[in-house]
Amino acid sequence: MATGTDISPAEAARTESVELEITGMTCASCANRIERKLNKLDGVTATVNYSTEKAKVAFPESISTDDLLTAVEQAGYAAQLPPAPDAPRASAGAADGDGGLADDPTKALRDRLIISTVLTVPVIAMAMIPALQFTYWQWLSLVLAAPVVVWGAWPFHKAAWTNLRHGATTMDTLISVGTLAAFGWSLYALFLGTAGTPGMTHPFRITIERSDGAGNIYLEAAAGVATFLLAGRYAEARAKRRSGAALRALLEMGAKDVAVIRDGAEVRIPVDQLAVGDEFVVRPGEKVATDGVVVEGSSAVDASMLTGESVPVEVGVGDAVVGATVNSGGRLLVRATRVGGDTQLAQMARLVEDAQNGKAEVQRLADRISGVFVPIVIALAVGTLGFWLGTGGGWTAALTAAISVLIIACPCALGLATPTALMVGTGRGAQLGILIKGPEVLESTRKVDTVVLDKTGTVTTGEMSLRDVVAAPGEDRDEVLRLAAALEHGSEHPIARAIVAGATESGLELARVEGFESVDGLGVQGVVDGHAAVIGRPKLLSDWSIDLGPELEAALSAARNTGATPVVIGWDGKARGILTVSDTVKATSAQAISRLRELGLTPWLLTGDNAEAARTVAAEVGIDPDNVIADVMPADKVSVVQRLQGEGKVVAMVGDGVNDAAALATADLGMAMGTGTDVAIEASDLTLVRGDLRVAPDAIRLARRTLSTIKSNLFWAFGYNVAAIPIAAAGLLNPMLAGAAMALSSVFVVTNSLRLRGFRPTADG
């Protein structure tokens, strides 16, 4: 990336950064143009993201933010600085969220599309159905088509003018030139030619013959192309509007208010008024308001949303807790250590945003083709005009041939090529539980060779279940489980729920418990069937002077070596058994990973859980132990994905939790389990609705098939028209031949796209 070099090292060290909000971009080339303009400023390094409509800019003190705004305006776009941190957020929230139609930035485009569609349908119908061509039908067509071509297609004309001022051409240029050429020639034919004659019709005659064009109108082509592509532009705008939803979902995860201790009493205040050093109360079931340290109490904190660790973390005085985690047990008093933008949750939000901004935006295939195709067509049109004038053909024949080249070169089918394949492909995907977010997702699937799988909730169920019960010598296994479940029935701890569920599934009847008491961070105790019983960590039994014995010690060690969580039960002064709970591997995970391998992908297992648990799961589902990375935090997951990308791998990431969101956004292809969090789903490219990992290989297959269909559509959309260009240049273009070529290419594109409805999954095979 080019940057200026006329600043001193001292100035470079005092670099500031800002995130500009950009408006007016219509394609990826716009983002590239703004980026180049900003980077020409001395010492400036800028990255512009077309999807999020933001520019991240690092600049020295010698450059002001006004200079940055001016540079963007000089490139033909508008920019504004982000709102101040203490500025009111109500209006922004409304605009970004569900603030009503008035705040919907896509409303104007939607209205433009609806009105254009209503006006265009009768124009196309009259042009294609001779029975509808009454005496003055061509003049009604003009009245209906004019607002579509001028007002409806205004976004394309505006973008084409902006590109022209900077010497560039895109799909917008071709649309604008083609529609205006068709409309302009129709005006000439109606007012100065013979097309305006009462009773004029378009007969179904497909011939190649020389014509002066005075009787030909192309209003249906001009209005139809504009409306087709407005529909595509509206769908794109809606997708872009959702691009910031992952960040909003992350920030909304936190607590909204908090009970702070002020002058010895609890006072409820909004979280944003919390300051470092404040002490606040977290009751069972509440979210921790912000990052802090426990100063009183002990409990189990469910941090799975942030860390991926399936087992709640026991915390006590002096232990750190993270904002947005859930208190599963006792009352906690926490001293705030980080608030606002310094919290781990806010840092994760920045990770997601940085990943989205840093991801190379895949430029639309149509734009890439039109970047070459448009200049060639315009050159051919000018060449045709010059040839006919040079050979004495006269202005009428010359203009007819030149404008015919522009008209036939504007492919109607191009407006259908991507949307129809996407519509059919995504529709079929939705039936199979696969949601594809947009065309840029498809190119990623073609080159993916590595798939990184989050463990908890993706390969495994993410819920604790009873794996094993080991009874001490002389004890009955069912009795051990029955008494353990009876004791745990009064606890809400996930381990307790797993034990109770295991006993219920075994058909055991639970006894009543007297004198139930929870021992914070260690376990529970009470009297069951007259036995003084205790269950929990081995330390709880040692506090009761209960020795485990060699058999139970061996079982305890074996359980820990597999990464499972063991608890010990004893009664009447003697250890009676070990109960092991763990996260359960989904029944379909091994089959899914096998199918991913068949697609040429190398699977990796990535988790915030401990190494023993990760290796056990990897062995069960068939992942190479060398491809297992455990004990990772959210930022580390991003680093792992980036490291694999740095090794030349094209990485797909499959995850379900908040802790996976940044990695999903960083990966070349992010796939979120639909059973996971909204944050992960919004940050991903593909969503697997059913939560069945076998859908992942089907998603990749469907995405690749859809991309292949789009490419073949684009080839034929251009192919028909390119083949007709020489006929137009020769002055032999009949209007019905032009209409037939356009209609045939459109029919082919739609038919080709409909083939995707036959896609069959392997998940049920």
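To keep things clear, this report deals only with the structure shown in the data block. All figures in this text were calculated on a predicted structure; none of them were measured in a lab.

Rules behind the numbers
Residues numbered from 1 in each chain as written. Predicted model: local features only at pLDDT ≥ 70, side-chain atom pairs only at ≥ 80, totals over all residues. Heavy atoms only, no water. Helix = DSSP H or I, 4+ residues; strand = E, 2+ residues; numbered from the N terminus. Expected span 1.5 Å × (residues − 1). Bend = angle between axes of the 7 residues up to and from the residue. Buried < 20%, exposed > 50% of the residue type's maximum accessible area, 1.4 Å probe, protein only. Contact = heavy atoms within 4.5 Å. Axes fitted to C-alpha atoms, helices over the stretch in contact; angles between N-to-C directions. Parallel < 35°, antiparallel > 145°, perpendicular 65-115°, else oblique. Left-handed = near helix turned anticlockwise from the far one by under 90°. Nonpolar A, V, L, I, M, F, W, Y, C, P; charged D, E, K, R; others polar. Core = buried A, V, L, I, M, F, W, Y, C linked by side-chain atoms within 4.5 Å.

**A few points about helix α27 (residues 695-729)**
Phase 1 of the analysis: The end-to-end C-alpha distance of α27 is 51 Å, a good match for the 51 Å that 35 residues give at a rise of 1.5 Å each.
Phase 2 of the analysis: Following α27 by one or two positions, Gly-731 has its phi on the positive side, about 80°.

**So, helix α5 (residues 107-128)**
Phase 1 of the analysis: An ideal rise of 1.5 Å per residue puts 32 Å on 22 residues; α5 measures up with 31 Å between its terminal C-alpha atoms.
Phase 2 of the analysis: Where α5 bends most, the angle comes to about 25°, and this point is Thr-120, followed within four residues by the proline Pro-122.
Phase 3 of the analysis: Buried residues of α5: Leu-109, Arg-110, Arg-112, Leu-113, Ser-116, Leu-119, Thr-120, Val-123, Met-126 and Ala-127, and no others.

**Overview of unusual backbone geometry**
Phase 1 of the analysis: For Ser-545, which is not a glycine, the phi torsion comes out positive at approximately 60°.
Phase 2 of the analysis: The residue Ser-545 is located in the loop between α20 (538-543) and α21 (549-561) in this model.
Phase 3 of the analysis: At Asp-572, a residue that is not glycine, the phi angle is positive and equals roughly 55°.
Phase 4 of the analysis: Among the secondary structure elements, Asp-572 is positioned in the loop between β20 (565-571) and β21 (574-585).
Phase 5 of the analysis: On the basis of relative accessibility, which here comes to 44%, the residue Asp-572 falls in the partly exposed class.

**Observations regarding the side chain of Thr-460**
Phase 1 of the analysis: Among the structural elements, Thr-460 can be located in strand β16 (residues 460-471).
Phase 2 of the analysis: If near-sequence neighbours (up to four positions away) are discounted, Thr-460 is found in contact with Lys-455, Asp-583, Thr-584, Val-585, Lys-586 and Val-617.

**Quick notes on the packing of α5 against helix α6 (residues 137-152)**
Relative orientation and spacing of two packed helices are given, respectively, by the angle between their axes and the distance between those axes.
Phase 1 of the analysis: Contact geometry of α5 with α6 gives a least axis separation of 9 Å together with a crossing angle of 150°. In terms of axis orientation, α5 runs roughly antiparallel to α6. For the element pair α5 and α6, the recorded crossing hand is left-handed. Residue-level contacts link Asp-111, Arg-112, Ile-115, Ser-116, Leu-119, Thr-120, Pro-122, Val-123, Met-126 and Ala-127 of α5 to Trp-137, Leu-140, Ser-141, Leu-144, Ala-145, Pro-147, Val-148, Trp-151 and Gly-152 of α6.
Phase 2 of the analysis: Taken together, the residues of the contact of α5 with α6 break down into 13 nonpolar, four polar and two charged.

**Some words on the packing of helix α22 (residues 589-598) against α27**
Phase 1 of the analysis: Put simply, α22 and α27 touch, their axes get as near as 8 Å, and they point 30° apart. As far as their axial angle goes, α27 and α22 are roughly parallel. For the pair α22 and α27, contact is made by Ala-592, Arg-595 and Leu-596 and by Ala-696, Pro-697 and Ile-700, respectively.
Phase 2 of the analysis: A breakdown of the residues in the contact of α22 with α27 according to their chemical character gives five nonpolar, no polar and one charged.

**Some thoughts on the nonpolar core**
Phase 1 of the analysis: The biggest cluster of nonpolar side chains holds 46 residues, and the ones touching the most others in it are Phe-156, Phe-183, Leu-190, Ala-195, Ile-217 and Leu-219.
Phase 2 of the analysis: Looking at this core, the elements that each hand over two or more residues are α5, α6, α8 (171-191), α9 (219-241), α13 (365-390), α14 (395-409) and α27.
Phase 3 of the analysis: With nine residues, α9 is the single largest residue contributor to this core.
Phase 4 of the analysis: Aside from chain neighbours lying at most four places away, what touches Phe-183 is Leu-142, Ala-146, Val-149, Leu-219 and Ala-222.
Phase 5 of the analysis: Within the second largest apolar cluster, 44 residues are counted, among which are Ala-417, Ala-421, Val-441 and Leu-596.

**Notes on the side chain of Thr-588**
Phase 1 of the analysis: Within the secondary structure, Thr-588 is located in the loop between β21 and α22.
Phase 2 of the analysis: Among the residues examined, Thr-588 registers a relative accessible area of 18% and is labelled buried.
Phase 3 of the analysis: Residues within four places of Thr-588 in sequence aside, it is in contact with Asp-692, Leu-693 and Arg-694.

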